[in-house]
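# Structural features, examined
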Amino acid sequence: MAQQRVPLIAGNWKMNQNHQEAVVLVQKLSWVLQDKKHDYERVEVTVLPPFTDLRSVQTIVDGDRMRLSYGAQDVSVHDSGAYTGEISASMLAKLGCTYVVVGHSERREYHHEDDALVAAKALKTIDAGMTPIVCVGEGLEVRNEAAHVAHCTQQVEGSLAGFSPDQVAEAVIAYEPVWAIGTGEVATPDDAQEVCEAIRTQVAKTWSSQAAERVRILYGGSVKAANAAAIMAQPDVDGALVGGASLQAEEFAAICRFYDLPDLSGVA
Ligand SMILES: O=C[C@H](O)COP(=O)(O)O
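Residues numbered from 1 in each chain as written. Predicted model: local features only at pLDDT ≥ 70, side-chain atom pairs only at ≥ 80, totals over all residues. Heavy atoms only, no water.

## Digging into the sheet that holds strand E6 (residues 172-175)
We count it as follows: Strands were regarded as paired on the criterion that DSSP finds at least two bridges between them. Helical segments are the DSSP runs of H or I of at least four residues, strand segments are the runs of E of at least two, and each set is numbered from the N terminus. Axes here mean lines fitted to C-alpha atoms, for a helix over just the part in contact, with angles spanning 0 to 180 degrees between N-to-C directions. We call two residues contacting when some pair of their heavy atoms lies within 4.5 Å.
Here 8 strands make up a closed barrel; going around it, the order is E1-E2-E3-E4-E5-E6-E7-E8 and the pairing parallel. Looking at each pair of strands side by side, their axes are set apart by 25° on average, direction ignored. Relative to strand E8 (residues 239-242), strand E1 (residues 8-12) runs parallel, the two sharing 4 bridges. Its bridge partner lying in E8, Ile9 is registered against Ala240. Each of strand E4 (99-102) and strand E5 (131-136) is contacted by helix H5 (residues 115-127), which is oriented at about 160° to E5, the strand it contacts most.

## Some details on the site of the ligand
Condition: Whether a residue is near a molecule or strand depends on its heavy atoms: if one lies within 4 Å, it is near. Accessibility throughout is a Shrake-Rupley quantity obtained with a 1.4 Å probe, and a residue counts as covered only by protein chains that appear here. Note that Gly is not counted as nonpolar here; it falls among the polar residues with everything else outside the nonpolar set of Ala, Val, Leu, Ile, Met, Phe, Trp, Tyr, Cys and Pro and the charged set of Asp, Glu, Lys and Arg.
Near the ligand the following residues occur: Asn12, Lys14, His104, Glu176, Ala180, Ile181, Gly182, Gly221, Ser222, Leu241, Gly243 and Gly244. Across the complex, the protein chains shield 95% of the 310 Å² of accessible surface that the ligand would expose by itself. Tallied by class, residues from the shell around the ligand come to 3 nonpolar, 7 polar and 2 charged.

## Side note on helix H11 (residues 225-232)
As a reminder of what qualifies: Burial status follows relative accessibility: with a 1.4 Å probe on protein chains alone, a residue under 20% of its type maximum counts as buried, one over 50% as exposed, and anything between as partly exposed.
Burial of H11 is extensive: 7 of the 8 residues sit out of reach of the surface. Listed as buried for H11 are Ala225, Asn227, Ala228, Ala229, Ala230, Ile231 and Met232. Residues of H11 that are buried make contact with E1, helix H9 (189-206), strand E7 (216-220), E8 and helix H12 (249-256).

## What to know about the packing of helix H7 (residues 148-159) against H9
Packed helices, taken two at a time, are described by the angle between their axes plus the distance between the axes. Which entries qualify depends on this criterion: Under this scheme an angle from 65 to 115 degrees is roughly perpendicular, one under 35 degrees roughly parallel, and one over 145 degrees roughly antiparallel; angles in between are oblique. Definitions for this section: a left-handed crossing has its near helix turned counterclockwise from the far helix by less than a right angle. A right-handed crossing has that turn clockwise.
At a minimum axis separation of 9 Å, H7 and H9 run at an interaxial angle of 45°. Taken together, H7 and H9 sit at an angle that is classed as oblique. Crossing hand, H7 versus H9: right-handed. Where H7 approaches H9, its residues His148, Val149, Cys152, Thr153, Val156 and Glu157 are matched on the opposing element by Glu194, Val195, Ala198, Ile199, Gln202, Val203 and Thr206. In terms of residue class, the contact of H7 with H9 is built from 7 nonpolar, 4 polar and 2 charged.

## With respect to the nonpolar core
How we decide: Only buried residues count toward a nonpolar core. Its members are Ala, Val, Leu, Ile, Met, Phe, Trp, Tyr and Cys residues joined through side-chain atoms within 4.5 Å.
Ile9, Val26, Leu29, Ile173, Ile199, Val203 and Tyr219 are the most contacted members of the largest nonpolar core, which has 70 residues in total. Broken down by element, this core gets its largest block of residues, 6 residues, from helix H1 (residues 19-35). With near-sequence residues (within four places) excluded, Val203 lies in contact with Val156, Val168, Ile173, Ser208, Ala211, Ala212 and Val215. Leu48, Ile133, Val172 and Leu241 belong to the second-largest nonpolar core, a separate cluster that totals 11 residues.

## What about the environment of Gln20?
Turning to its location among the elements, Gln20 is positioned in helix H1. Here Gln20 falls in the exposed class, since its relative accessible area comes to 55%. Between the alpha carbons of Gln20 and Ala93 there is a distance of 22 Å; along the sequence they are 73 residues apart.

## Comments concerning H5
Under the convention used in this document: The span expected for a helix works out to 1.5 Å for each residue beyond the first. As used here, the arc belongs to the directions running from the helix axis to the C-beta atoms.
Its 13 residues give H5 an end-to-end C-alpha distance of 18 Å, which sits within 8% of 18 Å, the value for a rise of 1.5 Å per residue. Those residues of H5 lying buried are Val118, Ala119, Lys121, Ala122, Thr125 and Ile126. End-on, the buried residues of H5 take up no more than an arc of 165°, which puts them together on one face. Pointing more than 90 degrees away from the buried face of H5 are the exposed residues Ala116 and Asp127.

## A closer look at the packing of H1 against helix H2 (residues 54-63)
Running from N to C, H1 and H2 cross one another at 30°; their axes reach a closest spacing of 9 Å. For the element pair H1 / H2, the angle class is roughly parallel. As for how H1 packs across H2, the hand of that crossing is right-handed. Seen from H1, the contacting residues are His19, Ala22, Val23, Val26 and Gln27; seen from H2, they are Ser56, Val57, Ile60 and Val61. Residues belonging to the contact of H1 with H2 are distributed by class as follows: 6 nonpolar, 3 polar and no charged.

So this is what it looks like as structure tokens:
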């Protein structure tokens, strides 16, 4: 991992935790990390609760002066108006969100979001002063055809279309092989590195080598304390987008402190 990229561990809670449970989970996570004297300059920590939790999370994070940040799991492509059920980027910025996930595979699959929409949402996020976490990743069929690298680099091209090199440099890209999400099937560290490296090379070609050096690329898909160290040891992996394991404070805190964990990748 290059020195200048601060690793980011992001906990995507998906549709879990009501606003009361959210406060308890954030408090517990902050306590565990404080107890371990976690250095947030060394590894950045963020949580991504459901929309309905954000105000409560903002209150506890600000009130207790916690060092972790938080963000949202989606955003509208519209600024305001008659879009029932949607939440605008300015609303999320007002709630103190640092990050917004766009193009998660669950949004792409269940809500038919395509690269153009993802790019538009990401640009709205940037315009509102927040950082998009732009998700890409292949399904099992694509992986079995060995077309995963081309698939993911094309998704990056499409989902970051219209970005300037500086905007790419400040963004976060998350590589999440769909077959490894919530299945317990984790990509090997080499699998993660292969695609993350290809994405970085693509960023250099399409935008600039400086953008490629600076953009953070996360891996996501069944990350746990048991596999975090091996995945994070890969030179082009700058963090993790964690789903299920982010709902357990102790487990998630251990992932945030991956450098303390043994690399068990060689153990059968
Ligand atoms: O956003 C997170 C990913 O979808 C990974 O979820 P998971 O860690 O439950 O496999």
